[in-house]
Amino acid sequence: MAKRNIVITGGAGFIGSHLVRLFVNKYPEYNIINLDKLTYAGNLANLKDVEAKPNYKFVKMDICDFEAFYDLMQREKIDGIIHLAAESHVDRSIKDPFTFARTNVMGTLSLLQAAKLYWESLPEGYEGKRFYHISTDEVYGSLAFNDELFTEQTPYNPHSPYSAAKASSDHFVRAYHDTYGMPTIVTNCSNNYGPYQFPEKLIPLFINNIRHRKPLPVYGKGENVRDWLYVEDHARAIDLIFHEGKVAETYNIGGFNEWKNIDLIKVMIKTVDRILGNPEGCSLDLITYVTDRLGHDARYAIDSTKLQKELGWEPSLQFEEGIEKTVRWYLDNQEWMDNVTSGDYQRYYDDMYKGR
Ligand code: NAD
Ligand code: DAU
């Protein structure tokens with residue numbers, strides 16, 4: 001494999017840190033640059049085990065800083081971009097949509113334009129280059145509770161400010177292919193879970209609350225359905241698609257693993273209580289039904305047949321195994337949890353659930 005200079009944006013976040021770790025360990029001949037602004041969601045402690053590797057470099061940068069990114073492209077002779085940096089939490093987007101439009105839309109556009117100018121200035125142009133944009137199944141909207149799944153042909157129909165901003169960024173990426181011929185790829189993945197996820201998201205939040213016997217705020221009736229994929233399986237899919245995916249294509253990523261929220265919550269309760277040696281069922285009384293999320297999408301479910309058939313990817317972990325690993329990781333890494341939940345986040349959390 002030829003030497004490559006790759007920027008991974010958002011590499012200090014949840015999925016990004018798993019992807020950076022995979023690439024740094026698997027491709028010692030590549031230069032891997034983790035570009036991250038380090039918002040509340042970015043945490044370099046997620047990457048302690050790879051930070052000293054010679055093929056790894058961290059650059060603190062805002063993806064909206066066009067000049068700085070253009071300079072970086074030239075200096076590091078970047079030929080691959082895997083773009084994960086984003087504001088990622090739906091509840092925050094409902095409170096503060098502007099930040100989501102700025103980072104997810106303008107930030108993506110800024111990266112695209114800088115990449116275009118740099119790559120078009122080279123004698124070989126776009127040859128051997130790749131702009132790979134990581135997106136979400138939420139752009140497809142919401143499904144009824146039947147057998148229907150999101151496919152790559154499902155029309156976009158985003159509902160939250162988060163998914164509207166992600167949809168817009170997806171359209172910009174495709175427009176740069178269709179207009180300028182940039183070699184782009186977009187993938188849309190289902191809900192990820194696993195270690196290093198910021199504990200504003202359902203799974204780490206609830207594991208931590210069960211441990212500390214705090215209320216578990218279930219939105220609405222807990223009947224919404226999400227489709228869960230272990231984060232390392234997403235990272236493996238990104239690796240495969242980055243190297244073998246077809247330019248201008250879209251691939252859905254998901255493990256055909258749908259769960260109604262309330263059923264998943266009961267699995268978490270059972271697992272945490274078992275591991276901590278608590279009597280079975282003793283944490284069920286923590287379940288607290290609260291006011292529903294505004295515009296709460298009923299059901300997401302991804303059809304990843306194309307990825308499985310064309311590129312031979314399949315998830316490696318059964319859900320039972322994945323959730324056991326995940327629960328054990330959060331219970332074993334209380335210091336990580338305490339660090340990320342102190343200060344500003346604690347204030348956000350208290351505010352978020354006040355009056356619900
Ligand atoms: P995350 O919130 O854990 O991490 C986001 C990272 O982006 C953080 O490190 C943050 O510091 C960085 N960032 C935010 N704004 C930035 C800016 N302006 N400039 C530079 N860096 C900035 O998110 P995640 O859950 O790891 O999601 C990563 C990507 O995958 C996102 O694009 C998200 O839309 C997508 N995605 C997430 C899921 C999921 O279940 N978490 C599923 C499908 C797709
Ligand atoms: O589907 C992919 C998306 O999954 C990603 O694009 C997003 O970045 C990611 O945050 C995630 O979005 P969700 O909104 O589905 O994830 P979240 O963990 O916030 O919520 C999962 C479900 O649990 C959802 O139906 C809302 C519900 N929920 C969530 C929280 C935080 C609760 O009932 N209570 C809670 O406290």
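As the structure is a prediction and not an experimental result, all values here were calculated from the model.

Colleague: Whenever I open this one, the site of ligand 1 confuses me. Can you help?
Modeller: Close contacts around ligand 1 come from 28 residues, with Ile 15, Asp 36, Ser 88, Tyr 162 and Lys 166 the closest. Separating an oxygen atom of ligand 1 from a backbone N or O atom of Thr 39 is a distance of 3.0 Å. Summarising the interface, the protein chains cover 97% of the accessible area of ligand 1, which totals 840 Å² for the free molecule. Listing elements by their share of the shell around ligand 1, those giving two or more residues are helix H1 (14-26), strand E5 (130-136), helix H5 (161-180) and strand E7 (191-193). Looking at the shell around ligand 1 element by element, the count peaks at 3 residues for E5. By residue class, the composition of the shell around ligand 1 is 13 nonpolar, 11 polar and 4 charged.

Colleague: Mind showing me how you'd approach the packing of aromatic side chains here?
Modeller: Each aromatic ring pair is characterised by the separation of its centres together with the angle its planes make. For the coordinates displayed, the defined rule picks out 20 aromatic pairs. Ring centres of Tyr 176 and Tyr 180 lie 4.8 Å apart, and the angle between their planes is 55 degrees; this geometry places the pair in the tilted category. Here Tyr 180 and Tyr 176 lie together in helix H5, a separation of 4 residues that amounts to about one turn. Judged by centre distance (6.5 Å) and plane angle (80 degrees), the ring pair of Tyr 193 and Trp 228 falls under edge-to-face.

Colleague: Honestly, the sheet that holds strand E3 (residues 56-60) in this entry has me stumped. Any pointers?
Modeller: Strand pairing in a sheet relies on backbone hydrogen bonds, with the paired strands running either antiparallel or parallel. The sheet built from 7 strands is open, its strands ordered E3-E2-E1-E4-E5-E6-E10 with parallel pairing. For this open sheet the edge positions go to E3 and strand E10 (250-253), each flanked by a neighbour on one side alone. The sheet shows a mean angle of 20 degrees between the axes of neighbouring strands, direction not considered. Both strand E2 (residues 31-36) and E3 contribute to a ladder of 5 bridges, which runs parallel. By the bridge assignment, Ile 33 is partnered in E3 with Lys 57.

Criteria and cut-off values
- Residues numbered from 1 in each chain as written.
- Chains lettered and ligands numbered in written order.
- Predicted model: local features only at pLDDT ≥ 70, side-chain atom pairs only at ≥ 80, totals over all residues.
- Heavy atoms only, no water.
- Near = heavy atom within 4 Å.
- Polar contact = N/O pair within 3.5 Å; in protein donor to acceptor, adjacent residues only side chain to side chain.
- Areas by Shrake-Rupley, 256 points an atom, 1.4 Å probe, with all protein chains shown as cover.
- Helix = DSSP H or I, 4+ residues; strand = E, 2+ residues; numbered from the N terminus.
- Nonpolar A, V, L, I, M, F, W, Y, C, P; charged D, E, K, R; others polar.
- Phe/Tyr/Trp six-rings, centres within 6.5 Å; stacked < 30°, edge-to-face > 60°.
- Pairing = 2+ DSSP bridges.
- Axes fitted to C-alpha atoms, helices over the stretch in contact; angles between N-to-C directions.

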